[in-house]
Structure formats: C-alpha cells, structure tokens
Amino acid sequence: MKIKKIPSSEITPEHIYNDRRNFIKNLGLILGSTALSAFANKSFAALHTLPSFAQAKEREKEKLSSLKDITSYNNYYEFGTSKSDPYDYAEKLNIDPWSISIEGSVTKSLKLDLDELIKEMPLEERIYRLRCVEGWSMVIPWVGIPLHALLKKVSPNGNAKYVEFVSLKRPSEMIGQKDDMLDWPYTEGLRLDEAMHPLTILAVGLYEKVLPKQNGAPIRLVVPWKYGFKSIKAITKIRLVEKMPISTWMKANPKEYGFYANVNPKVDHPRWSQTTERRVGESLLTPRLKTQMFNGYQEEVAHLYQGMDLNKYF
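Residues numbered from 1 in each chain as written. Predicted model: local features only at pLDDT ≥ 70, side-chain atom pairs only at ≥ 80, totals over all residues. Heavy atoms only, no water.

1. Focus on the side chain of Arg 279
Line of reasoning, step 1. Examined against the element boundaries, Arg 279 turns out to sit in strand β11 (residues 276-279).
Line of reasoning, step 2. Polar side-chain contacts of Arg 279 include one of 2.9 Å to the side chain of Ser 137. (Helix = DSSP H or I, 4+ residues; strand = E, 2+ residues; numbered from the N terminus. Polar contact = N/O pair within 3.5 Å; in protein donor to acceptor, adjacent residues only side chain to side chain.)

2. Considerations on helix α9 (residues 147-154)
Line of reasoning, step 1. Of the residues making up α9, those classed as buried are Leu 147, Ala 149, Leu 150, Leu 151 and Val 154.
Line of reasoning, step 2. Directly beyond the C-terminal end of α9, a positive phi value near 55° is found at Ser 155. (Buried < 20%, exposed > 50% of the residue type's maximum accessible area, 1.4 Å probe, protein only.)

3. Thoughts on the sheet that holds strand β2 (residues 110-113)
Line of reasoning, step 1. The strand order across the open sheet formed by five strands is β2-β1-β10-β5-β6, and the pairing between neighbours is mixed. In the strand order of this sheet, the two ends are held by β2 and β6 (187-191), each with one partner. The sheet shows a mean angle of 15° between the axes of neighbouring strands, taken without regard to direction.
Line of reasoning, step 2. Both strand β5 (residues 162-167) and β6 contribute to a ladder of five bridges, which runs antiparallel. Looking across to β6, one finds that Val 163 is bridged to Leu 190.
Line of reasoning, step 3. Packed on one face of the sheet, α9 meets β1 (99-104), β2, β5 and β10 (235-241) and runs near 60° to β10. (Pairing = 2+ DSSP bridges. Axes fitted to C-alpha atoms, helices over the stretch in contact; angles between N-to-C directions. Contact = heavy atoms within 4.5 Å.)

4. Overview of the confidence of the model for the protein
Line of reasoning, step 1. Residues with a pLDDT of 70 or more make up 81% of the protein, whose mean pLDDT is 86.
Line of reasoning, step 2. Within the model, the stretch residues 1-21 combines pLDDT values under 50 with 44 contacts to residues more than four positions away or in other chains.
Line of reasoning, step 3. The low-confidence segment residues 28-60, where pLDDT is below 50, has 73 contacts with residues more than four positions distant or belonging to other chains. (pLDDT = per-residue confidence, 0-100.)

Here's what the structure looks like:
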C-alpha cells in the first residue's frame, strides 16, 4: 500500500507538534533514561510520512476529543463495567517492569522489556477515530509503534495466518477480573494482513503524555477501522498462529461480537442500530453523526475484504 505524504501540520494539532519534547520528557520519566534517549533521537521524523486518518476535507471538520474525555470515559472491564471505573481504579496497576513476548509461527521468538521495544521500534504520531460498538466515538491523537515493524523482526513463517494478542491477568490489581463475567485474560485477534496493515499500531502514548493506565498502559493495540473492543489493552503476549483465535467477546457472546468487528453502519448490533454515533463530549442536543463504513478508512482497508460477505463475517 502506498503511504501518502502529507504535511505534519495537517495530521497533528500545532500545539502538540510544537511541544512534543514535553511528551518525550514525560515518557522518559516512566521508561527510564535508556528508552528516553532512543525515543528522543527519533524526533518524530516519521510524522511526514504517516497515512492520513481521513480525506483533507474530513480532517477540517473534525476536532480532537479532549484529554479529559479520552481518559475518563472508557470501557475496560478489568477495572469494572462503569465508564468511570478505569479512571477510578486503574492507577493501582503496577506496570513497571513490563515485558512483551512475540512467539508462535515465527522464525525467531522475542521477549522485550518495554524500554527495549521503544528503543528499537519507530514511533509515530497518529490521529485516529475510535468508534465503540456501543455507538459512541472519539478522535484521539496516539503515539505508537507500527505493528508491522515489530512483526517483521520475528519473521512470520508460512504457518502464520492470524495474530493473537493476550492481555494481563492480575485480579489483585485489576479488580474487575474478580468477576467471572469474561474469561480472563482478555484476548483478541487479527488476520495477519490486518495486523501488517500500516494503519495498525501499538500505542504507548497520547496527547503529549505517556499512555494512561485507564487507556491501556503501557502498550495497547489500535486498529482504527474496527470497533474499539478489538483494540486490546495492557498487552503481554503476541502469538502468530495458523487458526483463527477465539477472542474474549466471541467466546462470551458470538451472536453479538464477531471476529472481524469492522465498523459497518449496515450491520446492526442485535440490540441497537449502528447507523449513527455520538461523539463523546458533544452536547446531547448535537445531532448524531452518520457512521462511516470502516470508520472512514474505506479507501485504505476495503481491499482487505474484497469478495467477503461482511454481513456474515461481522
């Protein structure tokens, strides 16, 4: 896929673009001096070659969701089912030290501490829409690692058809895991070509700051054309596998939550319509937005599903 060159000022708000050294400083306080040095040396050079998150005319119409909304309105059932529970309880989670392993159908398995991962991988700033299956949405400025860059380091072999992601299980700190409403740890999956797509990232930060714990710190998946529940948080393990993994929500309710979970206004959730969405932070009097196919990324990703019945493979 050819990545369009666009001015950094079009994808990054000016105040963030000019003040990204503060983000680097803040990230270093968490990750340590080694990772900070590597992160600073990158200088966000890749900002000039990022894929656009929408057409220019659409970018002009949208504004970023506030940091307050992004960090206080979350689904993260490991800390409870209320939207405010992650903000209230996630701070108890210890994320230092943290490592992530990549294994399975690969030429060389890896296990990296987070600071090693940051030091070795290209970090890029991306502004993406986030659309929840519940019918609400945000626009979020992430900083992350292109997933394909990490997967290329382990060289997937011919048996690798899917990528499975596994989150942390620690009910002593993730108090929502004391409830057996879901099969912990949380797991998710992508087809290999979806994982290798240049829009797919592993986020480590947002809005000039280190990724907050309630948003999935220290590292989470972001797949902007899929419903938010696909973007698994607090990842500890990545496995490349031959058979399609059964994700947590598929296991809990396969009639409502499919493997692909592509944003599709034509396929309703069994209990509500998906044709419109509410932008978090807007007045309740503001008209709901029309949901876009693939969350507005149709030009970039529709070819991945050519010939598929997206009503069946929802």
